[in-house]
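Each chain, written out:
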Amino acid sequence: MPDDNDDPKLARIVEARLKLRDRFGAASYATPSQADPTPRGSGPPNRHGMPQLPIDQVSTEKWPVLDLGRQPEVSHARWKLVVDGACVRPYELDWAGFGALEQTSDVSDFHCVTKWSRLDVPWRGVRVAEAIAHAEPRDGARFVLFHATDGYTTNLPLAEALKPDVLLVHTADGKPLARVHGGPVRVITPQLYAWKGAKWVCRIELMTADRRGFWEARGYSNTAYPWRNDRYST
Ligand SMILES: Nc1nc2c(c(=O)[nH]1)N[C@H]1C(S)=C(S)[C@@H](COP(=O)(O)O)O[C@H]1N2
Ligand SMILES: [Mo]
């Protein structure tokens, strides 16, 4: 496990979240997996045939804020997104370049591992698949590590990152994404727990081998499927 003791505030946040993991760990390992042949998770149609909420989640209208306690202020002028690693054409986007990419609207759910879900959130942004495609991933690229301005990281299999509802969002609920929720731009992963979506995302690193992100290295599930109650790893 990484050592967080040089930052007492961060150490407290990690300790509190890992206590929650310990509290719910036994119950989640004891719960049978949900049948999930075609996980789709985006908006009402993606809950078709599924319970309204993934197991042990509670719906909330409010949008809680969860992060490492550092919320960087990133202006549009300083905003930058690097796409690099195992690809033919690593590149960098500025705010205008990001706005010039194909824009997508979607409605999808947001499931936090701390047990709240926001259903049917309207989003606008750019598909992560679109941003990655421009870099031309090498054949061996199989994983992605998202890096954020606050130092946070989270990893995904490339196949998950390329799903059409995985977006770099700049707008939520019809308003510019607030700084506390990762504005100007964050990632959302509607089919996975929300820690897989980096707020204040600044780099998408393509990788040939998996590398665990911040929470994945501290005992959160590497796969993170809400419909399977897949919260923590053993
Ligand atoms: N950059 C960054 N992204 C992050 C986090 C973080 O600490 N830093 N926390 C993750 C976790 S654990 C959750 S549940 C969601 C919370 O997003 P919200 O604060 O908008 O609700 O962001 C995820 N993305
Ligand atoms: Mo979370």
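Look up: the structure comes first, before these words.
Criteria and cut-off values
Residues numbered from 1 in each chain as written. Chains lettered and ligands numbered in written order. Predicted model: local features only at pLDDT ≥ 70, side-chain atom pairs only at ≥ 80, totals over all residues. Heavy atoms only, no water. Near = heavy atom within 4 Å. Polar contact = N/O pair within 3.5 Å; in protein donor to acceptor, adjacent residues only side chain to side chain. Areas by Shrake-Rupley, 256 points an atom, 1.4 Å probe, with all protein chains shown as cover. Nonpolar A, V, L, I, M, F, W, Y, C, P; charged D, E, K, R; others polar. Salt bridge = Lys/Arg side-chain N within 4 Å of Asp/Glu carboxyl O. Helix = DSSP H or I, 4+ residues; strand = E, 2+ residues; numbered from the N terminus. Phe/Tyr/Trp six-rings, centres within 6.5 Å; stacked < 30°, edge-to-face > 60°. Buried < 20%, exposed > 50% of the residue type's maximum accessible area, 1.4 Å probe, protein only.

Caption draft 1: The arrangement of the site of ligand 1 in detail. Neighbouring residues of ligand 1: 22 residues in total, closest Pro64, Asp150, His181, Arg186 and Lys199. Trp63 is positioned such that a nitrogen or oxygen atom in its side chain is 3.0 Å from an oxygen atom of ligand 1. When isolated, ligand 1 has an accessible area of 530 Å², and the protein chains bury 100% of it. For the shell around ligand 1, the class distribution of residues is 15 nonpolar, 2 polar and 5 charged.

Caption draft 2: The arrangement of the pattern of salt bridges in detail. A full pass over the atoms with the stated rule returns 14 salt bridges. Between Lys199 and Asp67 there is a salt bridge, and its shortest N-O distance comes to 3.2 Å. Here Asp67 lies in the loop between strand 1 (58-59) and strand 2 (81-85) and Lys199 lies in the loop between strand 10 (186-188) and strand 11 (201-207), a separation of 132 residues in the sequence. Linking Asp84 and Arg203 is a salt bridge whose minimum nitrogen-to-oxygen distance equals 3.0 Å.

Caption draft 3: Structural detail: the packing of aromatic side chains. Per the stated rule, a full pass over the model turns up 13 aromatic pairs. Ring geometry for Trp79 against Trp95: centres 5.4 Å apart, planes inclined by 85 degrees, an arrangement best described as edge-to-face. Within this pair, whereas Trp79 is found in the loop between strand 1 and strand 2, its partner Trp95 is found in helix 2 (residues 95-100), the two being separated by 16 residues in sequence. The class for Trp79 is buried, based on a relative accessible area of 4%. When its relative accessible area of 25% is taken as the criterion, Trp95 is described as partly exposed. Taken together, a centroid distance of 5.8 Å and an interplanar angle of 40 degrees make the contact between Trp95 and Phe98 tilted. Within this pair, Trp95 and its partner Phe98 are both found in helix 2, separated by 3 residues, close to a single helical turn. Phe98 sits in the buried class, given a relative accessible area of 1%.

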